[in-house]
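Descriptive structure summary
Listed here are the chains, written in short residue letters.
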Amino acid sequence: MTGWQNCVTCAGINAAGPSASIYSASGVASPSMSGNARVFSIASGNSWADALWWKQVGASAATHIRYDLDFYITAPQNSQALEFDSNQANGSLRWIFGTQCSLGSGNWDVWGNASGNWLHTGVPCKAPTAYKWHHLTWEFQRVNNYVKYIAFTLDGVKHYINRSYPARKSGAKELNVAFQMDMKANHAAYKTWLDNVKLTYW
């Protein structure tokens, strides 16, 4: 998936958080699953800095969304969280399908959407093995005015979430896929590669 945009200072609402030095490039042959991976790097930032990248795929009234990708990380001990999101707005409402592997707390979290905070799912999130490819799939559903987190599968192990949260107000029309890297207090650098990124919706 090409054409990713980025935000250098992304913590908090309206990109008001601490800044970081970031880098991203496509067409990476190694490490790669397909021969065309994309690398994301965060370094030399302030404590708790994060960096967000996203790709718009166009407006859609789809009610089912699947976010599927392979990822590879160099130093998971330097990451506070890895965030995998899809955002949909259609008319007056916005559905934020936000998920994160919170390495700081050791939990898989989902975004409360209208409440605007992370909520633990009860599923542990262990630090992914460094220098190894991992396969992740998240399944979402839009049910009337609610975001529904159905399940995710990591390296072949499926976990059912089955949680729903109200949508929030919005005037936009869009559908996008997003990836975010968060730093710890020690602001040590790390890199992540994504490959075979697919957003399937119907």
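Please refer to the structure placed before this passage.
These lines cover the structure that appears in this document, whether it is placed above or below. Computed from a prediction, not measured in an experiment: that's the story for all the values here.

1. Here we look at the side chain of S79
For S79, the position within the fold is in strand β6 (residues 79–90). The exposure class assigned to S79 is buried, which follows from its relative accessible area of 0%. A polar contact is formed between the side chain of S79 and the side chain of Y190, at a distance of 3.1 Å.

2. A short note on the nonpolar core
Judged by nonpolar contacts, the single largest core of 44 residues is most densely connected at Y67, F84, W138 and F179. When residues no more than four places from it in sequence are discounted, the contact partners of F179 are W4, F40, A51, L52, W53, Y67, L82, E83, F84, T192 and L194.

3. Some remarks on the packing of aromatic side chains
Inspection of the entire model under this criterion finds 18 aromatic pairs. Measuring from centroid to centroid gives 6.2 Å for Y72 and Y131, while their planes differ by 85°, and the two rings are edge-to-face. Here the residue Y72 occupies a position in strand β5 (residues 64–73), and Y131 occupies one in the loop between β9 (118–124) and β10 (134–143), the gap between them amounting to 59 residues. Residue classification places Y72 among the buried residues on the basis of a relative accessible area of 12%.

4. Description of the state of the cysteines
Inspection of the entire model under this criterion finds one disulfide. Disulfide partner of C101: C125, at an S-S distance of 1.7 Å. The disulfide joining C101 to C125 has a torsion of about -75° about its S-S bond and is therefore left-handed. Placement of C101 in strand β7 (residues 93–102) and of C125 in the loop between β9 and β10 is noted, with a sequence separation of 24 residues between them. Of the residues examined, C125 reaches a relative accessible area of 6% and is grouped as buried.

5. Remarks on the environment of N36
With respect to the helices and strands, N36 occurs in the loop between β2 (21–28) and β3 (37–43). Accessibility expressed as a relative area gives 47% for N36, which makes it partly exposed. For the pair N36 and N196, spaced 160 residues apart in the sequence, the C-alpha separation amounts to 8.5 Å. If we ignore the near neighbours within four places in the chain, the residues touching N36 are S26, G27, V28 and D195.

What counts and how
Residues numbered from 1 in each chain as written. Predicted model: local features only at pLDDT ≥ 70, side-chain atom pairs only at ≥ 80, totals over all residues. Heavy atoms only, no water. Helix = DSSP H or I, 4+ residues; strand = E, 2+ residues; numbered from the N terminus. Buried < 20%, exposed > 50% of the residue type's maximum accessible area, 1.4 Å probe, protein only. Polar contact = N/O pair within 3.5 Å; in protein donor to acceptor, adjacent residues only side chain to side chain. Core = buried A, V, L, I, M, F, W, Y, C linked by side-chain atoms within 4.5 Å. Contact = heavy atoms within 4.5 Å. Phe/Tyr/Trp six-rings, centres within 6.5 Å; stacked < 30°, edge-to-face > 60°. Disulfide = S-S within 2.5 Å.

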